[in-house]
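Descriptive structure summary
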Amino acid sequence: MNCQIPKTTLSTRSSITISTIPGDKSLSHRAVILGSLAEGMSSFSGFLTAEDCLNTLHVFNALGIQSKQEGTSLTLHGKGLSGLRAPINDALLDVGNSGTGIRLITGVLAAQAFDTAITGDASIQKRPMKRIITPLSLMGARITGQTLPGKTDVYPPLQIHGSALNAITYTLPVASAQVKSAILLASLFVQDITTIIEPEATRDHTERMLQGYGADIRREGTAIMCSGQKPLVAPHGCTIQIPADISSAAFFIVLGLITPHEGLHLTHIGINPTRDALLGVLKAMGARIDIHTIAGEDFEPHATISVYPSEMTNIDLDPAVIPFLIDEIPILAVAAMFAKGRLRVTGAKELRVKESDRIAGIARIAAAVGITITEIEDGFSITGRPSGESFTLDSHGDHRIAMSGIVLAYAAEMSATVIGCACIHTSFPNFFEILNTWGLPYLKVSQPCG
Ligand code: S3P
């Protein structure tokens, strides 16, 4: 599916409140996983009904979990830590496009009393899995995968021979919440205390939700300790509210900073401090962003984010904040194209192994609108304003590159063809609806394409 955006001169739109940014993707995956492993029924509101999280739900359905999903309400009948069963006919489990899905679920499958195999789409089959296989193997897991010509890592499909695991102490070699979470989930099945040392902090949704389910987990400095074999208990009689995804809101936050309007207010946006670094960075660049109506601090804080058109100046991004805005870097690069000076990003090598090579994706976006970019192995420097009348961008099947290209087309008042937009459904099913609600012109979506 390709998207065509007509050249549009944007007049100042009136103030608008948008309350339909969809639920947080990271939290929705974890909701399915912990709700399945808990004893009792879990109810969630704000579940993200995008392909990635629905695939995680289907995996747990295949493992014997009953669920009821109506719109963004999700109920799971958890079966406890020993309640999963082998998929019927040993069916291959399929996470689609989701790296979070495959890495977290593998942590659970490694500890089961049965064997499984898990895979995903073409992009997943190119994503490195040694980062989880290494620590899980130290715990006693038996996982094998594929090799790829000219590459040294291990890739899906993964064959997982369920095993009894043991506790480890492990220092994360990459700042990855997915790796941390895979180990934490495996540790739930283990006697004794598993310790994960996290030299650089990463998003802490797994720890917060495990605490909510009564797991024996605590943090001491950079160490996270979890004692296993303790039943997870679904919070009784309450619905757990999943806030809206700041990574999805980011596209509208940036659009709100670089197009004319009288105020954009995005409600219930998750502002977990391990996820909200984009807001601080944009503010440091001069963005007018107001964070108010804060609630939900006992679980996952959320707020209304008000955004106003702003004159911004680029900065050198502090590498220490990269894990807290890793998914927002493509749209930050678009914001940089409308700011003075140079944005310099370093220490972001992880972008090379996301749904696509996102540093290369950002370079394609810049090149499409005549902007100078210097690409380095772990980042880039970008200077200059978009020029030209139109551009074509290939997303390489990466949702965040596709949405960044669309935002750029509107803000630069250029016509554009973005090749490969079906992937937007992996994280943001109502992206186009929200664009239209905000008075952005009709998008011609041609089918079927890449
Ligand atoms: C995620 C963690 C991040 C992020 C991904 C979601 C998660 O990956 O890029 O979109 O839900 O744990 P890494 O932690 O591997 O960087």
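Rules behind the numbers
Residues numbered from 1 in each chain as written. Predicted model: local features only at pLDDT ≥ 70, side-chain atom pairs only at ≥ 80, totals over all residues. Heavy atoms only, no water. Pairing = 2+ DSSP bridges. Helix = DSSP H or I, 4+ residues; strand = E, 2+ residues; numbered from the N terminus. Axes fitted to C-alpha atoms, helices over the stretch in contact; angles between N-to-C directions. Buried < 20%, exposed > 50% of the residue type's maximum accessible area, 1.4 Å probe, protein only. Contact = heavy atoms within 4.5 Å. Domains from an automatic or database assignment. Buried area = accessible area lost by both parts, 1.4 Å probe. Salt bridge = Lys/Arg side-chain N within 4 Å of Asp/Glu carboxyl O. Polar contact = N/O pair within 3.5 Å; in protein donor to acceptor, adjacent residues only side chain to side chain. Nonpolar A, V, L, I, M, F, W, Y, C, P; charged D, E, K, R; others polar. Disulfide = S-S within 2.5 Å. Expected span 1.5 Å × (residues − 1).

**Some thoughts on the sheet that holds strand E4 (residues 66–70)**
Taken in spatial order, the 4 strands of this open sheet run E4-E5-E3-E14, and their pairing is mixed. Two strands bound the open sheet, and with one partner strand each, they are E4 and strand E14 (239–241). Averaged over all neighbouring strand pairs, the angle between strand axes comes to 20°, with direction disregarded. The sheet contact formed by strand E3 (residues 39–45) and strand E5 (residues 73–79) spans 6 bridges and is antiparallel. Counted as the bridge partner of Ser43 is Thr75 from E5.

**Regarding the environment of Gly384**
Along the chain, Gly384 turns up in the loop between strand E20 (379–383) and strand E21 (390–394). Assessed through its relative accessible area of 30%, Gly384 is described here as partly exposed. Sequence-wise, Gly384 and Ile305 are 79 residues apart; in three dimensions their C-alpha atoms are separated by 28 Å. In this view, Gly384 contacts Met337 and Ile371; residues no more than four positions away in its chain are not counted.

**Concerning the domain arrangement of the protein**
The domain architecture assigned to the protein consists of domain 1 (2–22 + 243–445) and domain 2 (25–239). If you average the C-alpha positions of domain 1 and of domain 2, the two centres end up 29 Å apart. At the junction of the two partners, domain 1 supplies 25 residues and domain 2 supplies 23 residues. Each partner contributes to the roughly 2100 Å² buried at the junction of domain 1 and domain 2, and carbon and sulfur atoms together form 48% of this total. Among the residues domain 1 hides against domain 2, the three largest losses belong to Phe299, Glu355 and Thr426. Together they make up 25% of the total. The tally of links between domain 1 and domain 2 comes to 3 salt bridges. Asp327 serves as the salt-bridge partner of Arg203, at 3.3 Å between the closest nitrogen and oxygen. Taken together, the links from domain 1 to domain 2 amount to 13 residue pairs in polar contact (both at pLDDT 80 or more). By residue class, the composition of the side of domain 1 that touches domain 2 is 11 nonpolar, 6 polar and 8 charged.

**Let's talk about the environment of Ala62**
Following the sequence through the fold, Ala62 ends up in helix H2 (residues 51–62). Linking Ala62 and Asp121, residues 59 residues apart in sequence, is a C-alpha distance of 18 Å. The residues contacting Ala62, other than those within four sequence positions of it, are Arg85, Ala86, Pro87, Ile88 and Leu93.

**With respect to helix H5 (residues 177–187)**
With 11 of 11 residues buried, H5 lies mostly within the body of the structure. Taken residue by residue, H5 has Ala177, Gln178, Val179, Lys180, Ser181, Ala182, Ile183, Leu184, Leu185, Ala186 and Ser187 as its buried positions. With a side-chain oxygen positioned 3.2 Å from the backbone nitrogen of Gln178, the residue opening H5 is Ser176.

**A short note on the sheet that holds strand E12 (residues 216–220)**
Reading across the sheet, the 4 strands line up as E10-E11-E13-E12 and stay open at both edges, with mixed pairing between neighbours. Looking along the sheet, the strands with just one partner apiece sit at the ends: strand E10 (169–171) and E12. Each strand axis lies, on average, 15° off the axis of its neighbour in the sheet, ignoring direction. Sheet analysis places strand E11 (residues 193–197) next to strand E13 (residues 223–227), joined by 5 bridges and oriented antiparallel.

**Some words on the state of the cysteines**
Per the stated rule, a full pass over the model turns up 0 disulfides. Free cysteine Cys423: the closest other cysteine sulfur is in Cys421, separated by 6.3 Å.

**Digging into the pairing of E3**
Where E3 and E14 come together, 3 bridges link them in parallel fashion. The partner of Phe44 across the bridge, within E14, is Ile240.

**What to know about H2**
Between the first and last C-alpha of H2 there are 16 Å, a value that for 12 residues agrees with the 16 Å anticipated at 1.5 Å per step. Of all the positions in H2, only Asp52, Cys53, Leu54, Asn55, Thr56, Leu57, Val59 and Phe60 are classed as buried. Taken together, the buried residues of H2 touch helix H1 (25–37), E4, E5, strand E6 (93–94) and helix H3 (99–109). Of the residues trailing H2, Gly64 is marked for its positive phi of about 100°.

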